[in-house]
Amino acid sequence: MNPGLKKMGTLHGVSLGPGDPGLITRRAWALLERTDTAWVYPARSTKTPSYAFDIVARAGLVPPTDHQSLLFPMTHDGDKLARAWLRAAEVVWPKLRAGQDVLFLVEGDASTYATFGHLARTLRALAEEEGAELPIEVVAGVNAFTAACATQGLPLCEQDDTVALVPAAYGVSAIDRLLADFDTLVLLKVKPLIGELLDWLERRELLGHASFVERCGAPDEQVADTPKALRALRERKVSYLSLMIVRSPHRVRGERIRGCLKKTSPGVAA
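This report concerns the structure included in the present document.

Here is what the cut-offs are and how they apply
- Residues numbered from 1 in each chain as written.
- Predicted model: local features only at pLDDT ≥ 70, side-chain atom pairs only at ≥ 80, totals over all residues.
- Heavy atoms only, no water.
- Helix = DSSP H or I, 4+ residues; strand = E, 2+ residues; numbered from the N terminus.
- Polar contact = N/O pair within 3.5 Å; in protein donor to acceptor, adjacent residues only side chain to side chain.
- Contact = heavy atoms within 4.5 Å.
- Buried < 20%, exposed > 50% of the residue type's maximum accessible area, 1.4 Å probe, protein only.
- Arc of directions from axis to C-beta.
- Core = buried A, V, L, I, M, F, W, Y, C linked by side-chain atoms within 4.5 Å.
- Pairing = 2+ DSSP bridges.
- Axes fitted to C-alpha atoms, helices over the stretch in contact; angles between N-to-C directions.

### So, the side chain of serine 239
By secondary structure assignment, the location of serine 239 is in the loop between helix H8 (227-231) and strand S10 (242-247). At 3.0 Å, the side chain of serine 239 and the backbone nitrogen of leucine 241 are in polar contact. Those residues in contact with serine 239 that lie beyond four places of it in its chain are Lys191, Glu214 and Arg215.

See below:
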């Protein structure tokens, strides 16, 4: 630790759940009630409001004087993303360096496909350059896919079920290959491929085993969980904040190890 630096502020990744303020945890709520922190929250563009900030606003929580959005553009360009993360870190770093705690508001869970990890790594690197150690806390939250299963009364998995969590951007062919090994497929960020996914569900006769949930927990949440409702998605624009849960009813399972005794793999000495 650089003796010339005062005590660093703590960076908190505050998970807010997918949209319903009632799913904010007690730990997150306690942090959000503090008046001595700064809030930062992601936005996809300067014209797009922050969904994370909207959740806390609907919760009736009053932001501190020091609060602002950070731009995290929707792109797969690595250079553009790296520049955006650095710009965001340069906004947050002076606050932490001055000893102020910073809350980064995240919809869903901060450890699951969230921008928080990128910001935390960039800030940690800035701290190391100055010989400092940055305290970081990740506040766990409710994921959109578990909340979606709960609102639909669907089990995500039971007993020895297997689950695959897949960004739909991997494409229908990759998703199709997973059917042989997983009982439940959770497809995230389905908007760009919604037409192709619906075609795939039709071919695989899975329309009766799929649920689509848009903006889970928000006042404008939309659900399609019947073949008719799913087909109707072709006729409208869906939100970026959408997912699909698909059950694979015909998966053939291999032999499973029973009991809790330690097993030795063939050819490996005990």
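### Side note on helix H2 (residues 51-58)
Listing the buried residues of H2 in full gives Tyr51, Ala52, Ile55 and Val56. The buried residues of H2 occupy one face: seen down the axis, they fall within an arc of 145°. Elements that come into contact with the buried residues of H2 comprise helix H1 (26-32), strand S2 (38-43) and strand S4 (102-106). At the N-terminal boundary of H2, the capping side chain belongs to serine 50, with an oxygen 3.4 Å from the backbone nitrogen of alanine 52. Where H2 ends, the next residue or the one after it, glycine 60, has phi of about 85°, a positive value.

### Some points on the nonpolar core
Burial of nonpolar side chains together is a common tendency in soluble globular proteins. By size, the foremost hydrophobic cluster in this structure holds 26 residues, and its most contacted members are Leu70, Leu96, Phe104 and Leu123. Listing elements by their share of this core, those giving two or more residues are S2, helix H3 (78-97), S4 and helix H4 (116-129). Ranked by residue count, the leading element in this core is H3, at seven residues. Leave out the neighbours within four places in its chain, and leucine 123 touches Leu11, Ala89, Val92, Trp93, Leu96 and Leu134. By size, the runner-up hydrophobic cluster in this structure holds 25 residues, among which are Leu193, Leu197, Leu206 and Ala210.

### Observations concerning the sheet that holds strand S3 (residues 67-71)
Strand order in this open sheet of five strands is S3-S2-S4-S1-S5, and the pairing throughout is parallel. Of all strands in the sheet, those with a lone pairing partner are S3 and strand S5 (136-139), marking the two edges. Taken pair by pair, the neighbouring strands of this sheet meet at an average axis angle of 25°, ignoring direction. In the sheet, strand S1 (residues 11-15) pairs with S5 via four bridges, with the strands oriented parallel.

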